[in-house]
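Working through the structure, step by step
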Amino acid sequence: MARQTENGHGLGQMPEDAGAIDRVLRERPLIVASNRGPVTCSLEDDGTFRARKGSGGVVTAVSSIAREHQPIWIAAAMTEGDRARAEVAARQGEHLIEFGRPPEFRLRFVVPAPEAYHQYYNVISNPLLWFLQHYLWDTPRSPDITHEIWTAWYDGYVAVNRLFADEIVATCERCETQPIVMLQDYHLYLCGGMVRERNPDAILQHFVHIPWPDPDYWRLLPMAMRRAICEGMLGNDIVGFQTPEHARSFMYTCEAYVDGAEIDYDRSAVRWNGRRIEVRAYPISIDANAVRRIAYSKEARSHDRYLPNHWNEFTILRVDRAEPSKNIVRGFQAFDRFLEAHREFQGRVNFVAITVPSRMDVPEYQDYLDDVSAAVGRINARYANVETGWQPIHLIMGENYPRALAAMKWYDVLLVNAIIDGMNLVAKEGALLNERNGVLILSEGAGAASQLGDNALIIAPADVEGTADAMHQALTMPLADRRRMAEGLRRAVEADDVADWFRQQIADLIRYASADEPDADHADASSPLASPIEPDVAVP
Ligand code: GDG
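Residues numbered from 1 in each chain as written. Predicted model: local features only at pLDDT ≥ 70, side-chain atom pairs only at ≥ 80, totals over all residues. Heavy atoms only, no water.

**Overview of the packing of aromatic side chains**
Stated formally: Only centres within 6.5 Å qualify two rings of Phe, Tyr or Trp (six-membered ring in Trp) as a pair; their planes then separate them into stacked at under 30 degrees, edge-to-face at over 60, and tilted for everything else. When accessible area is computed with a 1.4 Å probe and restricted to protein chains, residues below 20% of their type maximum are described as buried, those above 50% as exposed, and intermediate ones as partly exposed. Helical segments are the DSSP runs of H or I of at least four residues, strand segments are the runs of E of at least two, and each set is numbered from the N terminus. We call a charge positioned over a ring when the NZ of a Lys or the CZ of an Arg lies within 6 Å of the ring centre and within 35 degrees of the ring normal.
Within this structure, the stated rule accounts for 22 aromatic pairs. Ring centres of W212 and W218 lie 4.6 Å apart, and the angle between their planes is 35 degrees; this geometry places the pair in the tilted category. The class for W212 is buried, based on a relative accessible area of 2%. Taking the relative accessible area as the measure of exposure, W218 reaches 1% and is therefore buried. Measuring from centroid to centroid gives 5.7 Å for W212 and F241, while their planes differ by 80 degrees, and the two rings are edge-to-face. Of this pair, W212 sits in the loop between strand 8 (203–207) and helix 7 (215–218) while F241 sits in strand 9 (residues 238–241), and the two are 29 residues apart along the sequence. Under the relative-accessibility criterion, F241 is labelled buried at 0%. For R85, the ring lying beneath its charged end belongs to F49, and the centroid distance is 5.7 Å.

So this is what it looks like as structure tokens:
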């Protein structure tokens, strides 16, 4: 039976023939291009390379499709070790670097010059685009689009996107059939257009993991930049967002800034330059089995031994990158207010904040980490009890995914109060793993709110008082209510695996190209997916 997608536009129907998806995936190579690859390399003293799995939501989510479908990843060399490994591969004519036996990942590195990479990553992508797309700029003061920013745009963002596009085009050429290319996120907005210019038949899909703001806010970028971003995205066949709201904002932005773009809001599509581009929502999820496996792994269990030292009669947990959009400081302010208003909880509740330092080359992130530490110091100084040794906030800093998942098993309250967030995987992981009928306090600005909101306490992210109230409500809620909500959350997450997220995108690409779809008059009969699929794909 055909099933409706969650995009809310009523267009996304899973093909009747689910076998078609498997056939396409068996017979066509899959290329995933993302700034950060699934692993980073380091060169060891004995001259061998060690590969470590990367961090962050995009890698966590996209890695989970790798096990089944072995995509070719195209990713930037981010570390010295990556560069050295890429050099060895180039010297030895190794087209794809394989990791694991049997290979879990096959990777090609894009190797920008360090200065170009710095401009693309540390000046344009983070913070300029990230801040813009999370409404983080303090607009009377910043951003200033200076000569340096323009230089970083052309010599960094445009240049590195071109390197990615070159690599994608070259990889497609080495394949016997036209691969499916899935571009990831805000680092690669120009890539779709650049690939399309050189490979008009390319099958291109771009998924944006973060919010897409309204056209008015995009005006912080000069017209040439915002237009290039939209036009680059319109080089794809389908562009995907976390929520229908962000998909709609993208269409509004194209209508506002792309000359000649015709928007079909009913069918959620843009017509431009003789092509039709579909705009879809694919709410991302987690790989429930993999998350459980890691949370109960030997390594996670080793953390189970000492993590309880941080727990108390009641434990509030948060897990995030040290990232302004995650709203960590306001979370502490709310806890401060909660302790002030409910003195009976002093000494009985700990707030455990697992914080992963992130983007430390960007000054805004260094400053934010300082703000986080200062808030912890101030609140701990205010409430700490020297007689009992009680400290209200426990800040656990550093990168360790199994530890983060281990901690999620034990909270009474999980605080996810992001100002705005594409989805927020922590909310879903916590819902899946928690064993104490823990309550989720969830920002209405997180994409996850539309899926989990019915069984969470929803807060407005700037509402410090409301968040403090929610903490009190969560910690005093009757067990039966907590259990009902926790079960509801777990069911919602279990019913919506990341595999569905991935397969829905492939299904839509097939439907996009098929003559049977509801919008058949616009179907692109020249698309390679519309023709019979050639057998025997090989990637030399
Ligand atoms: C972006 C969007 C969207 C936690 N500690 C470590 C670690 N984690 C894991 C978490 C979670 C992931 O990293 C973070 O995902 P989030 O979704 O919470 O946030 P972002 O990193 O901002 O992700 C977001 C996501 O992409 C997917 O589309 O949901 O909206 O902003 O799984 O448990 N991972 C590693 N080390 C840790 O110490 N490697």
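**A closer look at the pairing of strand 17 (residues 439–443)**
The side chains of a regular strand alternate, residue by residue, between the two faces of the sheet. The line we're drawing: Two strands qualify as a pair provided that DSSP identifies no fewer than 2 bridges between them. Here, the term right-handed applies to a crossover whose path from the first strand over the helix to the second runs clockwise when the strands point away from the viewer.
With 5 of its 5 residues buried, strand 17 lies for the most part within the structure. The side-chain alternation of strand 17 yields two buried faces, one formed by V439, I441 and S443 and the other by L440 and L442. Note that strand 16 (residues 413–416) and strand 17 share 4 bridges and pair parallel. Directly across from V416, in strand 17, lies its bridge partner L442. Following the chain from strand 16 across helix 15 (residues 425–433) to the adjacent parallel strand 17, one finds a crossover that is right-handed. Strand direction decides the pairing type here: strand 17 and strand 18 (residues 457–459), joined by 3 bridges, are parallel.

**Some words on the nonpolar core**
Just so we agree on the cut-off: We call a set of buried residues a nonpolar core when its members are Ala, Val, Leu, Ile, Met, Phe, Trp, Tyr or Cys and they connect through side-chain atoms within 4.5 Å of each other. The start and end points of each domain follow an automatic or database-based domain assignment. A contact between two residues is defined here by any heavy atoms of the two lying within 4.5 Å.
Of all hydrophobic cores here, the largest spans 70 residues; its most connected members are L317, L440, L442 and I506. Tallying contributions element by element places helix 19 (residues 498–513) first for this core, with 8 residues. When we break this core down by domain, the ones giving at least three residues each are domain 1 (18–285 + 500–530) and domain 2 (297–494). Apart from the residues lying within four places of it in its own chain, the contact partners of I506 are I21, V24, L25, L30, I180 and M182.

**Re helix 5 (residues 147–174)**
To be explicit about the condition: Multiply 1.5 Å by the residue count of a helix minus one, and that product is the helix's expected span. Think of it this way: the bend at a residue is just the angle between two axes, each fitted to seven residues, one set ending at that residue and the other starting at it.
For helix 5, built from 28 residues, the straight-helix expectation of 40 Å at 1.5 Å per residue is met to within 8% by its first-to-last C-alpha distance of 39 Å. Within helix 5, the axis deviates most sharply at W153, by approximately 35 degrees.

**Digging into helix 12 (residues 328–341)**
In this model helix 12 runs 20 Å from its N-terminal to its C-terminal C-alpha over 14 residues, within 8% of the 20 Å that 1.5 Å per residue would give. Where helix 12 is concerned, the buried positions are I328, V329, G331, F332, A334, F335, D336, F338 and L339. Each element contacted by the buried residues of helix 12 is listed here: strand 13 (314–321), strand 14 (349–356), helix 13 (363–383), strand 15 (393–397), strand 16 and helix 17 (464–475).

**Brief notes about the environment of N385**
Quick note on the threshold: The definition of a polar contact used here is a pair of N or O atoms within 3.5 Å, where within protein one atom must be able to donate a hydrogen and the other to accept one, and adjacent residues in sequence count solely through side-chain atom pairs.
By the secondary structure assignment, N385 is in the loop between helix 13 and strand 15. When the C-alpha positions of N385 and Q346 are compared, they lie 9.2 Å apart, and in sequence the two are 39 residues distant. Here T388 takes part through its backbone nitrogen, which lies 3.2 Å from a polar atom of the side chain of N385.

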